[in-house]
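# Descriptive structure summary
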Amino acid sequence: MAGQFTSLVNSIGGLSLTDRTTELIGSASNFPRLTQQALVEAIRILIQSCEATLAHAERVQTLVESTHTPSDQGIVELSSLRRRVTDLAGITETFNDATERYIIAYITSLASPRTLVQKMLSHFSNELRSIARDVLNSTSDDKNVLRETLEMCYGQTLYASGTLHSDNYFIPLGEADLGWPYDPDFESEDYYEHEDRIVMDDGYAEAFRVRCERKSEKERQQREQWTEFWVQALSKCPDGPTLFYSPASYLPYYQFADVPRYLFRAFDYESSGRSDHYVVASAESISATSCRSRDDLLSRTAKEITRMLYGHLTKSCFGGEATDNLVSWSSSLLFVMQYAIWRCHQRHRDPAEIEICMVDTRKFPRGQFVRDMSLLRAYREAPEVEKKMRSFFNFRLENAYYDNGEYLSQGVLHHIGRSSVVSLAQLIQAGLHDLYPQFADPAAMDSWTKRVGFLRSEWSIEHTTTQLDIQKAIEMARTCFKSFDAPDVALLLLSFKNRKLRVPATKGTFLKISR
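All of the points below concern the structure found in this document. Just so we're clear, the structure is a prediction, and the values are computed from it rather than from any experiment.

Right, let's talk about the packing of helix H11 (residues 302-314) against helix H13 (residues 372-379) for a bit. Running from N to C, H11 and H13 point in directions that differ by 135°, and their axes come no closer than 11 Å. Taken as axis vectors, H11 and H13 run oblique relative to one another. Both H11 and H13 take part in a crossing whose hand is left-handed. When H11 is examined against H13, the residues Ala302, Ile305, Thr306, Leu309 and Leu313 are found in contact with a partner set consisting of Leu375, Leu376 and Tyr379. Here the residues of the contact of H11 with H13 sort into 7 nonpolar, 1 polar and no charged.

Listed below in structure tokens is the structure:
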């Protein structure tokens, strides 16, 4: 074993592996297939040797710990093994470095050559490698490494505190470019002459203003290119999301961030598209005749957008068009639970066949979900909207009674690791009917939206909450929504009613929970 390991270290040792990997990732757009195969085979042999070495080291450790009379020969053998383990650690570090570089090379290959984005990627190379390293160290599924890396990078571009925010590129660049005669720190005669001309010469002042505006607009567009690059990179990722993003659309971008923490969706095998414990996908994304599911809805024409919105929001609950790329969610767990009950009753399903998916939207990139009302409000006045569509849009916007916090996603959404999926049967077994007997009323199971409205009205009156109610809600949360904090889910369950909770008598106050 020692001879085999020594031979392996000599053949693909630190410098050799580094040089080979550097050659491999030197041109991200032209990875040599044979070189990749050779590298993978070398790594396979390395892993086999590592496993054998680990087993040998464990045996040696056991022998060392059980030996009461250490020998000089034992020290020689342990020293030799330690030297080889140290060599292995160096190779491991080299391989980790090569993996990070490979990921960054792939990301860089997504940008057009000799563009601003390429320069920004180069500028942020250390930050990108740090993000890739964090993902590699934390992910539990190797298939998600690329998607999680891109999602994290995208997230770091959106906020001023993000390591990849465009300010970290443009501000230093602007400070470096700011020079005579416009820099007040220059304190030259030319600077003061420039200031005087701005005050006294209207033509000069106007020309300077126009120049500044053009520069500002150019920088705005460049910043936009940076964000757009990451959105497009995610859309090119095999398991990446299709995000709502289009600066040219009617919808202000800030609204994409206005999403509640938790969203819910009820489904069964008859639901349109695909919904299961791993993926929620639109009908278009699984259609063999369509290839546009990765196209952002907001990048399409206003006519296409309004038609898809209208078609999706008016479709049957048990079908839909193959060209529908949208999926519905709701911020109201009450609404989704009653929908699950209604769906179960309508199709004479076993409650075990109806499932509810709960997602934590903070774990998805901005633009994964968008409010239906935001889209309707943005597009109802578009010239391309047909009369019947505009009438429907207005109806949805102006009738709060039917507003149940609907949100939309598009394309394929991989939610595993960011969700909990529970069946209606599990909810009932965990105590849903004990906490809310109204859900068990057979006469009300054939009603959905009107039933929700009735329950909200009935439960809007302040109700006293017992300790038993709280215990039931917490038990349901722990049993059915294991991926989330039980107190958070319990509060969601309790908030179906307008409740008053009595806190310890020494405080003499009340805590209110409302829907």
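On to the nonpolar core. One recurring pattern in soluble globular proteins is that nonpolar side chains are buried together. Membership of the largest hydrophobic core comes to 41 residues, with the highest contact counts inside it found for Met337, Leu427, Phe439, Leu493 and Phe496. Counting residues per element, this core draws most heavily on helix H12 (residues 333-346), which supplies 10 residues. In this structure, Leu427 is in contact with Met337, Ile356, Val422, Leu432, Met476, Cys480 and Phe481, ignoring residues within four places of it in sequence. In this structure, Ile104, Phe124, Val145 and Phe170 belong to the second largest nonpolar core, which totals 31 residues.

A separate point is the pattern of salt bridges. For the structure on display, the rule yields 28 salt bridges. Note that Asp360 is salt-bridged to Arg261, the shortest N-O span being 3.5 Å. Of this pair, Asp360 sits in strand S5 (residues 355-360) while Arg261 is found in the loop between helix H10 (202-236) and strand S1 (262-267), placing the two residues 99 residues apart along the sequence. Overall, Asp360 belongs to the buried group, its relative accessible area being 2%.

To continue, consider the packing of aromatic side chains. According to the stated counting rule, one finds 22 aromatic pairs in the structure shown. On the numbers, 5.1 Å between centres and 90° between planes, the contact of Tyr169 with Phe170 is edge-to-face. What makes Tyr169 buried here is its relative accessible area of 11%. Over the aromatic face of Tyr407 sits the side chain of Arg371, whose NZ or CZ is 5.5 Å from the ring centroid.

Conventions adopted
Residues numbered from 1 in each chain as written. Predicted model: local features only at pLDDT ≥ 70, side-chain atom pairs only at ≥ 80, totals over all residues. Heavy atoms only, no water. Axes fitted to C-alpha atoms, helices over the stretch in contact; angles between N-to-C directions. Helix = DSSP H or I, 4+ residues; strand = E, 2+ residues; numbered from the N terminus. Parallel < 35°, antiparallel > 145°, perpendicular 65-115°, else oblique. Left-handed = near helix turned anticlockwise from the far one by under 90°. Contact = heavy atoms within 4.5 Å. Nonpolar A, V, L, I, M, F, W, Y, C, P; charged D, E, K, R; others polar. Core = buried A, V, L, I, M, F, W, Y, C linked by side-chain atoms within 4.5 Å. Buried < 20%, exposed > 50% of the residue type's maximum accessible area, 1.4 Å probe, protein only. Salt bridge = Lys/Arg side-chain N within 4 Å of Asp/Glu carboxyl O. Phe/Tyr/Trp six-rings, centres within 6.5 Å; stacked < 30°, edge-to-face > 60°. Lys NZ or Arg CZ within 6 Å of the ring centre and 35° of its normal.

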